[in-house]
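Commentary on secondary and tertiary structure
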Amino acid sequence: MALILNEEQQLLKESADGFFAEKAPISQLRELRDSRSETGFSEALWNEMAEMGFAGLLVDEDNGGTDFGVMGAGIVAEAMGRTLSASPYLASGVISASVIKAAASDAQKANLLPAIASGEKIIALAIDENAHHRPESTALKATADGDGYVLSGMKTFVCDGHVADAYLVLARTSGAPGDTSGLSVFLVEKGAGGLIVDRTVMTDSRNWAKLTFEGVRVGADALVGPLDGAFDAIEPALDRARIIVAAELLGIAQECLDRTVEYLRERKQFGTVIGSFQGLQHRASHLFSEIEVTRSAVLKAMQAADTGGDVRWFASLAKAKACKTAELATNEAIQMHGGIGMTDEFDIGFFIKRARILQTFLGDFNYHADRFAACSSY
Amino acid sequence: MTDLETFRSETRAWLEENCPASMRTPMRGDDDACWGGRKFKFASDDQKTWLDRMASRGWTVPTWPTEYGGGGLSKDEAKILAAEMRRIKARSPLTSFGIWMLGPALLKFGTHEQKLEHLPKIARGEIRWCQGYSEPNAGSDLASLATKAEDQGDHWIVNGQKVWTSYADQADWIFCLVRTDNTGTKHHGISFVLFDMESEGVSTKPIKLISGNSPFCETFFDDVKVLKSNLVGEENKGWTIAKYLLTHERTGISDMGMPTPLNMLAKDKLGTNEDGKLPESMLRHQIAEHEIDAASFVFTLERAKDEAKAGGDMGAFSSMLKYYGTELNKQRHELIVKTNGSDGLEWEGQYSNEGDIARSWLRTKANSIEGGTSEVQLNIISKRILDLPA
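Here is what the cut-offs are and how they apply
- Numbers given to residues run from 1 along each chain, matching the order in which its sequence is written.
- Chain A is the first chain written and ligand 1 is the first ligand written, with later ones labelled in order.
- Side-chain atom pairs in this predicted model are given and counted only at pLDDT of 80 or more, local residue features only at pLDDT of at least 70, and totals for whole chains, interfaces and linings cover all residues.
- Note: side-chain values were computed over all heavy atoms of the structure, leaving out hydrogens and water.
- Contacts are assigned to residue pairs with any non-hydrogen atoms lying within 4.5 Å of each other.
- Once two parts are put together, the accessible area they lose, assessed with a 1.4 Å probe and summed over both, is termed the buried area.
- Any Lys or Arg side-chain nitrogen located within 4 Å of an Asp or Glu carboxyl oxygen qualifies as a salt bridge.
- We define a polar contact as two N or O atoms separated by no more than 3.5 Å, with the added condition that, inside protein, one atom must be a possible hydrogen donor and the other a possible acceptor, whereas residues neighbouring each other in sequence contribute only through side-chain atom pairs.
- The helix count covers DSSP runs of H or I at least four residues long, the strand count covers runs of E at least two residues long, and both are numbered beginning at the N terminus.
- Under the scheme applied here, ten amino acids are nonpolar (Ala, Val, Leu, Ile, Met, Phe, Trp, Tyr, Cys and Pro), four are charged (Asp, Glu, Lys and Arg), and all others, including Gly, are polar.
- Partly exposed residues are those whose accessible area sits between 20% and 50% of the maximum for their type, while under 20% is buried and over 50% is exposed, using a 1.4 Å probe and protein chains only.
- We call two strands paired when DSSP finds no fewer than two bridges between them.
- The directions from the helix axis to the C-beta atoms are what the arc is built from.
- To define axes, lines are fitted to C-alpha atoms, for helices over the stretch in contact only, and angles between the resulting N-to-C directions are given on a 0 to 180 degree scale.
- By the definition adopted for this analysis, an angle is roughly parallel if under 35 degrees, roughly antiparallel if over 145, roughly perpendicular if from 65 to 115, and oblique otherwise.
- Note that the domain bounds reflect an automated or database-derived domain assignment.
- When two rings of Phe, Tyr or Trp (its six-membered ring) have centres within 6.5 Å they constitute a pair, described as stacked for plane angles under 30 degrees, edge-to-face for angles over 60, and tilted for the intermediate range.
- We call a charge positioned over a ring when the NZ of a Lys or the CZ of an Arg lies within 6 Å of the ring centre and within 35 degrees of the ring normal.
- Residues grouped as a nonpolar core are buried Ala, Val, Leu, Ile, Met, Phe, Trp, Tyr and Cys residues, joined through side-chain atoms within 4.5 Å.

Description of the interface of chain B and chain A
Listed per partner, the contact involves 38 residues of chain B and 42 residues of chain A. For the pair chain B and chain A, the two sides together bury roughly 3,400 Å², of which 64% comes from carbon and sulfur. Across the chain B-chain A interface, the total number found is 7 salt bridges. For the pair chain B and chain A, the interface holds 24 residue pairs in polar contact (both at pLDDT 80 or more). Those elements that place two or more of their residues in the side of chain B that touches chain A are α7 (262-270), α8 (281-309), α9 (317-340) and α11 (374-385) of chain B. Looking at the side of chain B that touches chain A, the element that brings in the most residues is α8 of chain B, giving 17 residues. Taken together, the residues of the side of chain B that touches chain A sort by class into 19 nonpolar, 7 polar and 12 charged.

Quick look at the pairing of strand β5 (residues 183-189) of chain A
All names here are of chain A. Most of β5 sits inside the fold, with 6 of its 7 residues counted as buried. Pairing of strand β4 (residues 166-172) with β5, which is carried by 7 bridges, proceeds in the antiparallel orientation. When the bridges of β5 are listed, Arg172 appears paired with Leu183.

A short note on helix α3 (residues 43-52) of chain A
Working note: α-helix, 3.6 residues per turn, so residues spaced by three or four point in the same direction. All names here are of chain A. For α3, every residue scored as buried is listed here: Leu45, Trp46, Met49 and Ala50. All buried residues of α3 project into a common sector of 140° when viewed along the axis, lining one side. Exposed positions of α3 whose direction lies more than 90 degrees from the buried face are Ala44 and Glu51. In the stretch just after α3, Gly53 is the one whose phi turns positive, near 95°.

Section: the packing of helix α8 (residues 278-306) of chain A against α11 of chain B
The N-to-C vectors of α8 of chain A and α11 of chain B enclose an angle of 85°; their axes lie 8 Å apart at closest approach. Between α8 of chain A and α11 of chain B, the crossing angle belongs to the class labelled roughly perpendicular. Only Glu375, Leu378, Asn379, Ile381, Ser382 and Ile385 of chain B of α11 of chain B make contact with α8 of chain A, whose side of the interface consists of Gln278, Gln281, His282, Ser285, His286, Phe288 and Ser289 of chain A. Grouping the amino acids of the contact of α8 of chain A with α11 of chain B by side-chain chemistry returns 4 nonpolar, 8 polar and 1 charged.

Considering the domain arrangement of chain B
All names here are of chain B. Its domain assignment divides chain B into domain 1 (3-95), domain 2 (129-237) and domain 3 (255-385). Using only C-alpha atoms to locate each centre, domain 2 and domain 3 end up separated by 31 Å. With 7 residues of domain 2 in contact, the opposing surface of domain 3 contributes 7 residues. Taking both sides of the interface into account, the surface hidden between domain 2 and domain 3 amounts to around 570 Å²; carbon and sulfur atoms contribute 65%. A per-residue breakdown of the area domain 2 buries against domain 3 is headed by Ser140, Ile210 and Ser211, which together make up 66% of the total. If you look at where domain 2 meets domain 3, you find 0 salt bridges. Taken together, the links from domain 2 to domain 3 amount to 1 residue pair in polar contact (both at pLDDT 80 or more). When the residues that make up the side of domain 2 that touches domain 3 are grouped by side-chain class, the tally is 3 nonpolar, 4 polar and no charged.

Focus: the environment of Phe192 of chain B
All names here are of chain B. Of note, Phe192 is situated in strand β5 (residues 190-196). On the basis of relative accessibility, which here comes to 0%, the residue Phe192 falls in the buried class. Considered as a pair, Phe192 and Leu177 are 15 residues apart in the sequence and their alpha carbons are 4.9 Å apart.

Describing the packing of aromatic side chains
Within the structure shown, the criterion is met by 27 aromatic pairs over all chains. Seen from their ring centres, Phe270 of chain A and Phe277 of chain A are 6.1 Å apart, and the 70° between their planes marks the pair as edge-to-face. When its relative accessible area of 77% is taken as the criterion, Phe270 of chain A is described as exposed. Three or more aromatic residues joined by ring pairs make a cluster, and in this case those are Trp129, Tyr133, Trp173, Phe175 and Phe192 of chain B. Of note, Arg57 of chain B hangs over the ring of Trp59 of chain B, and the distance from its end group to the ring centre comes to 4.4 Å.

Considerations on the nonpolar core
Phe20, Tyr89 and Leu151 of chain A are the most contacted members of the largest nonpolar core, which has 167 residues in total. The element that contributes the greatest number of residues to this core is helix α7 (residues 230-266) of chain A, accounting for 21 residues. Apart from the residues within four sequence positions on either side, Leu151 of chain A is in contact with Leu140, Lys141, Ala142, Val169, Phe186, Val188, Phe213, Glu214, Gly215, Val216 and Val218 of chain A. In terms of nonpolar packing, the next biggest core, distinct from the first, is built from 37 residues, Cys34, Trp129, Ala138 and Ile190 of chain B among them.

Have a look at this one:
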């Protein structure tokens, strides 16, 4: 398959780029931050996104989605990276939709996917318990009790955790932290007895939360996917999400380069535009090269995820490369903007703050470089 | 069966029949390559047989037209041929600057007579070419070249010096940039000419490099007669051809094919722990980081080809590929040396295949100098892609 966007994907890209530039430019995120918005995102925007079909890109048409696959979801994520548009897209439309598709029963799918695709229901995945992503170290316990389970423990770095209507919770049903077996996923509704949600304010001014489970009781039908077999069941779904996060990082890196190059063309010092200085030209050109190479890795990974490639290897490749390049791009953007890049008034600082969050989310560079090596048997 | 499927099965059968067993082993370096030419000594009968058989089908240059010695294959057929050759690990039958540098330029800018005269000899490996571009005072600033060609009616008299001429001492002919006019801008007045290295007044002197090898020469021209029929394109407008050819060269340098993965070299040398990981954990990290970049770069070459096929203009993108590909290759060889520790720094002796690891490593230092330095590529990206002022 040619490594370029087809006509349909090109149209989606154009419509997404236009949509976010118009409806959710970076000024919207600034406003949400400055007003300490309760929701942390614009519900009107989220409704419009759902109408555009963006909330259901990974959902099949029978369940009310647009079924654009990882390629489509990545294209939209990249556009959102360029404008830093805030919405529960990643948590609900990407991660939870992916996990439900991979692991849930048909009845659960029919119940949950249409609600995700229409934007009615926001579902968030609660997976991390420590500062470093490592799903197998899950300790939160789900103990069988009567015809259901009781969940006890805590979760952190839950994407859109404080606005979610329900959670997919990775819990330990047997074995010990560190084992990949003995993990199961449960669906827990907002407001369940014993569930405490604490919003955490993070650098990116988006919605993150810590969850505490103090004996939260769920029914047997809350189990999503195989008992004790969640690690293998949801891993491909996490990999799809990682590829889409890589696409958002790519959008951030590209936007940083574009804004920086524009600044280099305008800013004058020593009587001339600073973009004529070779010291800066070479840094910008190097960054351009890294972004182009990253774009290829992300594109290839999106294609592979949709066509049955080795999604583990591709996901770790794309996420690792995107992490490294986004780090370079955001650092270089501030440096080349000089003093103005350090000011809150100027937008460039928003990108580095979002980038570091996404770099850390679902495994950072080191996590994925290690996994990439393990996938290649070394 | 579709035509392409038929082509594949016929090609597979022909290759099985005709590729000698010893030509299905990996090449250990430039010395194992078949360069062809009047002075070339074949390393084995198999090497000559393999070249002759492939040339007889035009498959040393599969996509060139048959009337110029090519195979006349479509792009899809050529892809199949390449895949089938990879399948049996067949060596390239001919390594040649004529094929990947001069050939494309002649096909685009040469006259029918010039193509008829030169291309078939390139395809058959009869004439080996070298490139007369750089001069002592025209390296990165190539357009300031000064080798002078004086107009004598039906011919020029050429005087001057070239440097870094790859394998000039073993080449039969040279494609050369000379100055036919020094009024006007430096890009004007350059002409692209061809002549025999045995012409009176041509001499070469190999330059010994840090690798201990001498792949490059100084080349001197002392009143060399060059017929005007050997001018390619228009007089004084050779810079266009020079640039076209450099673009091909850059894409070629950046796309040397898939080498053995670094992690496999490291596993062979160091083995693995019980958990299947390389025992040197920091080296493992460095290798992983490199291979992530390398795999992403391979996909970038794929994407560039697909975009070109879809009608996109490669243009200055080849500068990015040249820059990134050569820097990656340098890094790869640094890691090969590190993987091999002190063994990788042996300079002589059978055990190290005459210091092959160290010499190859040092050779790669030229990757980011030849064909336009990394800094020149970054200049081109700044100017032509990022639109930054000169």
